[in-house]
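Examination of the molecular architecture
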Amino acid sequence: MTQVTIREAVMQDIPQLKTLMLAYIVDFYQYRQPEDEKLNGLIHLLLEQKEGIQFVAETEEGTLVGFATLYFTFSTLRASKIAIMNDLYVIEAERGQGAAAKLFAACKGYAARNGYANLTWTTAKDNFRAQAFYDKMGGDRSDWQTYSANPTSGMGD
């Protein structure tokens, strides 16, 4: 079993983190590869820790094997700031060995220490492995249905 340490991402992580993010986006979710400039911009934005933060799972050898991303926003219903865990990814070879649980705990701990009223996340309807993991971690299934739309120009007319 590989021992991993969870920590906040730093500048030196960018090459490995970018590789992990591309594996997550392209290989795992089979989504199109983002433009290099956009992905680099996102990583740098998260390193500033103003709009979000990334945690990485690192082996004793210094290899990154997973990451989790939190974005910061607000809830009108709670009249408070909340954290959205947008990503939690561990490479296939390391799954089931505790890295995901440690990343999840880091996200929960960060939210608690920084006064966030809630930590929320979504996963694909057919990602049963992730759903089982979140159930095991004490996540509460929401009664809310998630929607999305592509932006269009106009002022609501």
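Labelled according to an unreviewed UniProt entry, the protein chain appears under the name GNAT family N-acetyltransferase, originating from Paenibacillus alginolyticus.

Below, the discussion takes up the pattern of salt bridges. Charged atoms that come close allow side chains of opposite charge to pair. All told, the structure shown has four salt bridges when counted by the stated rule. Here Asp13 ties to Arg7 by a salt bridge, and the two come within 2.7 Å at their closest N and O atoms. Of the residues examined, Asp13 reaches a relative accessible area of 4% and is grouped as buried. Among the residues examined, Arg7 registers a relative accessible area of 23% and is labelled partly exposed. Across the salt bridge formed by Asp36 and Lys18, the nearest N and O atoms sit 2.2 Å from each other.

Another aspect to go through is helix 4 (residues 128–136). What helix 4 keeps buried is the set Ala130, Gln131, Phe133 and Tyr134. One side of helix 4 carries all its buried residues, which in axial view fall inside an arc of 160°. Structural note: helix 4 exposes Phe128 and Lys136 on the side pointing more than 90 degrees away from its buried face. On its buried side, helix 4 packs onto strand 4 (80–90), helix 3 (99–113) and strand 5 (119–121). Of the residues one or two after helix 4, Gly138 is the one with positive phi, at around 90°.

This part is about the packing of aromatic side chains. Given two aromatic rings, their pairing is described by the distance between the two centres and the angle made by the two planes. Inspection of every chain in the model, using the stated rule, returns twelve aromatic pairs. Considering the side-chain rings of Phe72 and Tyr116, the 5.3 Å spacing of their centres and the 35° angle between planes classify their relative orientation as tilted. Taken together, the residues Phe72 in strand 3 (residues 64–75) and Tyr116 in the loop between helix 3 and strand 5 connect sequence positions 44 residues apart. For Phe72, a relative accessible area of 17% gives the class buried. An aromatic cluster of three or more residues is present, and its members are Tyr24, Phe28, Tyr29, Phe67 and Tyr89. Over the aromatic face of Tyr116 sits the side chain of Lys81, whose NZ or CZ is 4.6 Å from the ring centroid.

We now examine the environment of Thr120. Position of Thr120 relative to the elements: it lies in strand 5. Thr120 gets classed as partly exposed once you look at its relative accessible area, which sits at 29%. Put simply, Thr120 and Trp144 are 24 residues apart on the chain and 12 Å apart in space, counted from C-alpha to C-alpha. Residues in contact with Thr120, not counting those within four places in the same chain, are Ile82, Ala83, Ile84 and Met85.

So, on to the packing of helix 1 (residues 14–28) against helix 2 (residues 36–48). Two numbers describe how helix 1 lies on helix 2: the axes approach to 11 Å, and their chain directions differ by 120°. Where helix 1 crosses over helix 2, the two elements pack in a sense that is right-handed. Across from Ile14, Leu17, Lys18, Met21, Leu22 and Ile25 in helix 1, the residues of helix 2 making contact are Asp36, Leu39, Asn40, Leu42, Ile43, His44 and Leu47. Its residues assigned to classes, the contact of helix 1 with helix 2 comprises nine nonpolar, two polar and two charged.

What counts and how
- Residues numbered from 1 in each chain as written.
- Predicted model: local features only at pLDDT ≥ 70, side-chain atom pairs only at ≥ 80, totals over all residues.
- Heavy atoms only, no water.
- Salt bridge = Lys/Arg side-chain N within 4 Å of Asp/Glu carboxyl O.
- Buried < 20%, exposed > 50% of the residue type's maximum accessible area, 1.4 Å probe, protein only.
- Helix = DSSP H or I, 4+ residues; strand = E, 2+ residues; numbered from the N terminus.
- Arc of directions from axis to C-beta.
- Contact = heavy atoms within 4.5 Å.
- Phe/Tyr/Trp six-rings, centres within 6.5 Å; stacked < 30°, edge-to-face > 60°.
- Lys NZ or Arg CZ within 6 Å of the ring centre and 35° of its normal.
- Axes fitted to C-alpha atoms, helices over the stretch in contact; angles between N-to-C directions.
- Left-handed = near helix turned anticlockwise from the far one by under 90°.
- Nonpolar A, V, L, I, M, F, W, Y, C, P; charged D, E, K, R; others polar.

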